Amino acid sequence: MSAASRALPRSPAARLRPRRAALTTAVGGAVAALLLSACTSSGASGGGGDTNFVMGKDGISTVAQGKRDTAPDLSGTTVAGGRLDLRSYRGKVVVLNVWGSWCSPCRAEAPNFEKVYTDLKGQGVQFVGINTLDTSNKNALAFEKQQGITYPSLSDPRGKLLLRFKKGTLSLQAIPSTLVIDRKGKIAARSLAALSEEKLRHMISPVLAEK
């Protein structure tokens, strides 16, 4: 290449390519950081707010019967394409699990949830998922099929359903997370970490035993 050709200025398109590449990298990094921060099994706090949760030694937080907040109205389209309204399960104990197909701890706990659901659904216990931050239902459906999940999950790709909860209850930075809602529709227990089968049963049993 001659000295004259080396001295020629780059075209506008050529000058833009590095900027586009940098922008793509930055956006990809931001998305990756969000998913990484969201998918945690550390049991980190879901934020401020007076929610009356009392943390137990096992990492499960509970609320005394007279101090519980009512769960917000949750309704919408399910991952499978149907409609679901959480209020239709009033009178049952509801286990509400927030998960994403991109989340490794979610994959680890999923068989435990299906096993406990199968064992307890005849005793008035209903499991419901909230699938969040999945941009495509195809990924969520593939997750459910692979894990053998038979209970329904609301589709919440942007995390809007989680914003309906009282501040300090749930957070996108703590996924997976699980709530147990009592027969009156009030939040009785919470975990901000992946759950073993034993811990999940321990979380449900006291609420199921309530009259």
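Above this note sits the structure.
Just so we're clear, the structure is a prediction, and the values are computed from it rather than from any experiment.

Engineer: Is there a simple way to explain empty space enclosed by the protein in this structure?
Structural biologist: With a probe scaled to a water molecule rolled over the atoms, the places where space remains empty come into view. One pass over the full model with this rule turns up two cavities of 30 Å³ or more. By volume, the largest cavity amounts to about 70 Å³. Contributing to the lining of the largest cavity are N97, W99, C106, E109, A110, F113, F143, I149, Y151 and S153. For the lining of the largest cavity, the secondary-structure elements that each account for two or more residues are strand 5 (93-99) and helix 3 (104-120). Considering every element that reaches the lining of the largest cavity, the biggest residue donor is helix 3, with four residues. Of the residues contributing to the lining of the largest cavity, the split by class is seven nonpolar, two polar and one charged. The calculated volume of the second largest cavity comes to roughly 30 Å³. Every residue lining the second largest cavity is listed: T51, F53, V63, D69, T169 and I187. The residue makeup of the lining of the second largest cavity, split by class, is three nonpolar, two polar and one charged.

Parameters and conventions
Counting starts from 1 at the beginning of each chain's written sequence and moves along it residue by residue. Thresholds applied to this predicted model are a pLDDT of at least 70 for local features of residues and 80 or more for the giving and counting of side-chain atom pairs; totals over whole chains, interfaces and linings are not thresholded and use all residues. Where side-chain values are given, they derive from all heavy atoms of the structure, hydrogens and water being excluded. Only protein atoms enter the calculation, which uses a 1 Å grid: trapped sets of points that fit a 1.4 Å probe without letting it out are cavities, open sets showing protein on both sides within 12 Å along at least five of seven lines are pockets, and any residue with an atom within 4 Å of a point is a lining residue. Grid points are joined across faces, edges and corners, and a volume is the space filled by probe spheres set on the points. In this description a helix means any DSSP run of H or I spanning at least four residues, a strand means any run of E spanning at least two, and both kinds are numbered starting from the N terminus. In the scheme used here, Gly and all other residues not listed as nonpolar or charged are polar, with Ala, Val, Leu, Ile, Met, Phe, Trp, Tyr, Cys and Pro taken as nonpolar and Asp, Glu, Lys and Arg as charged.

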